[in-house]
Amino acid sequence: MLYLSENLKKYRIKKNLTQEEVAEYLGITPQSVSKWERGECYPDITFLPALANIFETSVDLLIGMDVIRAEETRYNIHKTAAAFQRKGDYDSAEKVYRDALLIYPNKPGMILGLAGVLALKGKSEEAAELTERGLHLSVNEKQKATMRAALCFLYLKCGKKEKAAALASSLPHTRESREVIKPLIDGGLTLEDADENIKNIILGDGKEIW
């Protein structure tokens, strides 16, 4: 019932109902409805069909199953793509993400997922462009830290050393840090070295960032 509280309020307002009116329909106190909407407690499961009827929706939508299923779908997309990447099958991983972006064109995780695959395939220009776009949309700090670190080396591969150095200087004190990456950028790397760093950052220790 992760989304029930916010959905109760959303659907009530959508129907132009007060908490008092909902309570009257159910034969309970307005305070109970208020507590449900604040997430302090949940309605008895027997109230769910009546609530769905009042709001002219379904029990599934009321408890947020649409959102839950969408999140599970996106998780499985990342899981499938990651499995292909760890096998070195970057073509299949790229197809997974390109197909997913037809459904989720503005999801930063999908954009950065594809950027990561393209970086591993050596498609640096497109990978850098997608990373810039995805970083602008993302609110996942771990995701952003990892992709900023990879972007330093992508800039380097694209011949943008000054941009790479500037970004490396702005990195935080983490695993993908300026103390690690800035000296590499300043010291000069071969394209092969840059590729190896991109691979290590994106594939990392096997933990998902998407």
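Rules used throughout
- Residues numbered from 1 in each chain as written.
- Predicted model: local features only at pLDDT ≥ 70, side-chain atom pairs only at ≥ 80, totals over all residues.
- Heavy atoms only, no water.
- Helix = DSSP H or I, 4+ residues; strand = E, 2+ residues; numbered from the N terminus.
- Rg over C-alpha atoms; globule rule 2.2 N^0.38 Å.
- Buried < 20%, exposed > 50% of the residue type's maximum accessible area, 1.4 Å probe, protein only.
- Contact = heavy atoms within 4.5 Å.
- Areas by Shrake-Rupley, 256 points an atom, 1.4 Å probe, with all protein chains shown as cover.
- Lys, Arg positive; Asp, Glu negative; His and termini not counted.
- Charge placed at Lys NZ, Arg CZ, Asp CG, Glu CD.
- Axes fitted to C-alpha atoms, helices over the stretch in contact; angles between N-to-C directions.
- Parallel < 35°, antiparallel > 145°, perpendicular 65-115°, else oblique.
- Left-handed = near helix turned anticlockwise from the far one by under 90°.
- Nonpolar A, V, L, I, M, F, W, Y, C, P; charged D, E, K, R; others polar.
- Salt bridge = Lys/Arg side-chain N within 4 Å of Asp/Glu carboxyl O.
- Disulfide = S-S within 2.5 Å.
- Phe/Tyr/Trp six-rings, centres within 6.5 Å; stacked < 30°, edge-to-face > 60°.
- pLDDT = per-residue confidence, 0-100.

A count of helical and extended segments in the protein chain gives 13 helices and zero strands. For the protein chain, the sequential pattern of α-helices and β-strands runs α-α-α-α-α-α-α-α-α-α-α-α-α. Expected size for 210 residues packed as a compact globule is a radius of gyration near 17 Å; at 23 Å, the protein chain overshoots this value by more than 25%. When the backbone C-alpha atoms are referred to their principal axes, the protein chain occupies close to 75 × 35 × 25 Å. Relative to its full complement of 210 residues, the protein chain shows a buried share of 43%. Counting only contacts in the protein chain whose residues sit at least 6 apart along the sequence, the fraction spanning at least 24 positions is 56%. Counting only carbon and sulfur atoms, one obtains 53% of the accessible surface of the protein chain, whose full area is about 11,400 Å². Of the charged side chains in the protein chain, 30 are positive and 31 negative, and the gap between their average positions amounts to 1 Å.

As a packed pair, helix α2 (residues 19-26) and helix α4 (residues 48-55) sit with axes 11 Å apart at the nearest point and diverge in direction by 130°. One element, α2, and the other, α4, form an angle in the oblique class. The handedness of the crossing between α2 and α4 is right-handed. Contacts between α2 and α4 pair Val22, Tyr25 and Leu26 from the former with Ala50, Leu51, Ile54 and Phe55 from the latter. Partitioned by chemical class, the residues of the contact of α2 with α4 number seven nonpolar, no polar and no charged.

The final tally for this structure, using the stated rule, is 13 salt bridges. Note that arginine 38 is salt-bridged to glutamate 40, the shortest N-O span being 2.7 Å. One salt bridge in this structure joins lysine 95 and aspartate 99, with 2.7 Å as the shortest N-O distance. With lysine 95 and aspartate 99 both in helix α7 (residues 90-103), this residue pair falls four residues apart, about one helical turn. Sharing partners across several salt bridges, the network here consists of Asp91, Glu94, Arg98, Lys121, Lys123 and Glu126.

Within the secondary structure layout, arginine 86 lies in helix α6 (residues 65-86). Note on arginine 86: relative accessible area 40%, which makes it partly exposed. Along the backbone, arginine 86 and leucine 203 are 117 residues apart, and their C-alpha atoms lie at a distance of 7.4 Å.

This part takes up the state of the cysteines. A full pass over the atoms with the stated rule returns zero disulfides. In this model cysteine 158 remains outside any disulfide bridge; the closest cysteine sulfur is found in cysteine 152, 12 Å from its own.

Moving on, we come to the packing of aromatic side chains. What the rule picks out here adds up to two aromatic pairs. Residues tyrosine 11 and phenylalanine 55 carry aromatic rings whose centres are separated by 6.4 Å and whose planes lie at 20° to one another, so their mutual orientation is stacked. Residue tyrosine 11 is found in helix α1 (residues 4-14), and its partner phenylalanine 55 is found in helix α4; the two are separated by 44 residues along the sequence. With a relative accessible area of 11%, tyrosine 11 lands in the buried category.

Our next topic: the confidence of the model for the protein chain. The pLDDT averaged across the protein chain works out to 88; a share of 93% of its residues lies at or above 70. Across the protein chain, α2 holds the top mean pLDDT of 96, while helix α12 (residues 178-187) sits lowest at 73.

Let us look at the side chain of glutamine 85. Mapping glutamine 85 onto the fold places it in helix α6. Not counting residues up to four positions away in its chain, the partners in contact with glutamine 85 are Tyr90, Ala93, Tyr97, Val117, Leu120, Ile202 and Leu203.

Positionally, lysine 144 belongs in helix α10 (residues 141-157). Those residues within four positions of lysine 144 in sequence are excluded, and the remaining contacts are Leu135, Ser138 and Val139.

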